[in-house]
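Structural characterization, general
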Amino acid sequence: MAGTLITVAPTGAESKKSDVPALPVTLAELVSTAKECEALGASIVHVHIRDADANPTLDLGRLRDTVAALRAETGLIVQLSSGGAVTDPESDRLRVLAAEPDMASCTMGTVNFGDDVFSNRWEFILELHNRMRDARIVPEYEIFDIGHLASLARLLDRHGLPYGGHVHVDFVMGVPGGMAGTAETLVAARQQVRALLPADTTFSATGIGRTTLPVLLASLAAEGHLRVGMEDTLTYAKGQPVESNMQLVARAAGLSRLAQRPPMPVSEARRLLGIRS
């Protein structure tokens, strides 16, 4: 059985540094976190960045500096978020690709996001898909609801495979307004992947908040991969705040080994996903 691809999502765009002092928001903090998570078994770093006041930003200069620093200091696959914050305009989200990451996220539909709406129009999805292929950037298709898999099948059928030729999706589970973070929902989503998408499609799964552990365990049992990090959960156990992203990656790596699917080396992850050298 293949190893486990572990993605770390260290920061996100939702939490405030003032509320979560351990959140890595400066470039130095992000690079330090990435290096430590790589040593523990992560292969991909999913990146949101912050400005000088620790607020979410899609500033292109800062994104380019971040990509360059992560490449210089780690061997990780650098995946930028094209989602940003729910208030970011489409033009800024598309401009993320000019920072030339190895990968970028591509969310496959609009979803209620707590009290907000995370808008992803079909025309925007198509533009993002095509621009990534032209720029030789590998997408990770973000799936917040099972119907988004049908949208992805439609996209691939009409507009072809992504750069690299391999389809990789991430189930984002447990967001209020999206699909539930349960084993039953993960199995249903996996069945749709098998029914609708290319036979070699791979998936990771992300459980938001208290759904982190159920989703992690279910994904390992279903031969899926993992995404963990302080973007997705700030609680390690009931009443126990997360101390660092490394704590979450270490748990994921340990459980992967118990499942006899140890963390996948970065070189193997690059081959699997079709990342350019």
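As a reminder, the structure under discussion sits directly above these lines.
The following refers to the structure shown.

Cut-offs used in this document
- Residues numbered from 1 in each chain as written.
- Predicted model: local features only at pLDDT ≥ 70, side-chain atom pairs only at ≥ 80, totals over all residues.
- Heavy atoms only, no water.
- Helix = DSSP H or I, 4+ residues; strand = E, 2+ residues; numbered from the N terminus.
- Rg over C-alpha atoms; globule rule 2.2 N^0.38 Å.
- Contact = heavy atoms within 4.5 Å.
- Lys, Arg positive; Asp, Glu negative; His and termini not counted.
- Charge placed at Lys NZ, Arg CZ, Asp CG, Glu CD.
- Phe/Tyr/Trp six-rings, centres within 6.5 Å; stacked < 30°, edge-to-face > 60°.
- Buried < 20%, exposed > 50% of the residue type's maximum accessible area, 1.4 Å probe, protein only.
- Salt bridge = Lys/Arg side-chain N within 4 Å of Asp/Glu carboxyl O.
- Core = buried A, V, L, I, M, F, W, Y, C linked by side-chain atoms within 4.5 Å.
- Expected span 1.5 Å × (residues − 1).
- Pairing = 2+ DSSP bridges.
- Axes fitted to C-alpha atoms, helices over the stretch in contact; angles between N-to-C directions.
- Parallel < 35°, antiparallel > 145°, perpendicular 65-115°, else oblique.
- Left-handed = near helix turned anticlockwise from the far one by under 90°.
- Nonpolar A, V, L, I, M, F, W, Y, C, P; charged D, E, K, R; others polar.

1. Structural notes on the overall build of the protein
- Of the regular secondary structure elements, the protein holds nine helices and 14 strands.
- The C-alpha radius of gyration of the protein comes to 17 Å, within 12% of the 19 Å expected for a compact globule of 277 residues.
- Referenced to the eigenvectors of the C-alpha coordinate spread, the extents of the protein come out at roughly 45 × 40 × 40 Å.
- Sequence separation of 24 or more characterises 73% of the internal contacts of the protein that already satisfy a separation of 6 or more.
- Both charge centroids of the protein, one from 26 positive and one from 32 negative side chains, sit 3 Å from each other.

2. Some points on the packing of aromatic side chains
- Per the counting criterion, the structure on display carries four aromatic pairs.
- Plain terms: the ring middles of Phe 171 and Phe 203 are 4.9 Å apart, the flat faces sit at 20° to each other, and that makes the pair stacked. Of this pair, Phe 171 sits in strand β10 (residues 168–173) while Phe 203 sits in strand β11 (residues 202–207), placing them 32 residues apart in sequence.
- The buried category is assigned to Phe 171, whose relative accessible area is 0%.

3. Focus on the pattern of salt bridges
- On inspection of all chains with the given rule, the structure shows ten salt bridges.
- The partner of Asp 170 in a salt bridge is Arg 227, and the shortest N-O contact between them spans 3.9 Å. Residue Asp 170 is found in strand β10, and its partner Arg 227 is found in strand β12 (residues 225–228); the two are separated by 57 residues along the sequence. Each member of the pair, Asp 170 together with Arg 227, is buried.
- As a salt-bridge pair, Arg 227 and Asp 232 come within 2.8 Å of each other at their nearest N and O atoms. Each member of the pair, Arg 227 as well as Asp 232, carries the same accessibility label: buried.
- Among the charged side chains, a network of salt bridges with common partners joins Asp 170, Arg 227, Glu 231 and Asp 232.

4. A few points about the nonpolar core
- Val 47, Leu 70, Ile 77 and Leu 80 are the most contacted members of the largest nonpolar core, which totals 47 residues.
- If sequence neighbours within four positions are ignored, Ile 77 has contacts with Ser 43, Ile 44, Val 45, Asp 102, Met 103, Val 266, Ala 269, Arg 270, Leu 273 and Ile 275.
- Judged by nonpolar contacts, the second largest core, of 33 residues, contains Phe 124, Val 167, Val 169 and Val 215.

5. Section: the environment of Ala 153
- By the element assignment, Ala 153 lies in helix α5 (residues 147–159).
- Take Ala 153: its relative accessible area is 16%, and that puts it in the buried class.
- A C-alpha to C-alpha distance of 23 Å links Ala 153 and Val 175, two positions 22 residues apart in sequence.
- Beyond its immediate sequence surroundings of up to four residues, Ala 153 is in contact with Leu 196 and Leu 197.

6. Observations concerning helix α4 (residues 122–134)
- Taking 1.5 Å per residue, 13 residues should reach 18 Å; α4 reaches 18 Å between its end C-alpha atoms and fits that length.
- Turning to α4, its buried residues are Trp 122, Phe 124, Ile 125, Leu 126, Leu 128, His 129 and Met 132.
- Immediately downstream of α4, the backbone of Arg 136 shows phi near 60°, a positive value.

7. Quick look at the environment of Asp 170
- Classification of Asp 170 by relative accessible area gives buried; the value is 0%.
- Residues Asp 170 and Val 31, spaced 139 residues apart in sequence, show a C-alpha to C-alpha distance of 23 Å.

8. Some points on the sheet that holds strand β2 (residues 44–47)
- The eight strands lie next to each other as β1-β2-β5-β6-β9-β10-β11-β12, forming a closed barrel whose pairing is parallel. Across the sheet, the axes of successive neighbouring strands diverge by a mean angle of 30°, strand direction being ignored.
- Two strands pair when backbone bridges link them, and β11 and β12 are joined in this way by two bridges, in the parallel orientation. Across the sheet, Ala 205 pairs through a bridge with Leu 226, a residue of β12.
- Its contacts with the sheet place helix α7 (residues 212–221) against β10, β11 and β12, and it is angled at close to 160° to β11.

9. Structural notes on the packing of α5 against helix α6 (residues 183–196)
- Here α5 crosses α6 at 15°, and the two axes come no closer than 10 Å. Looking at the two axes, α5 sits roughly parallel to α6. As α5 packs across α6, the resulting crossing turns out to be right-handed. Contact residues: Leu 149, Ala 150 and Ala 153 in α5; Ala 189, Gln 192, Val 193 and Leu 196 in α6.
- Its residues assigned to classes, the contact of α5 with α6 shows six nonpolar, one polar and no charged.

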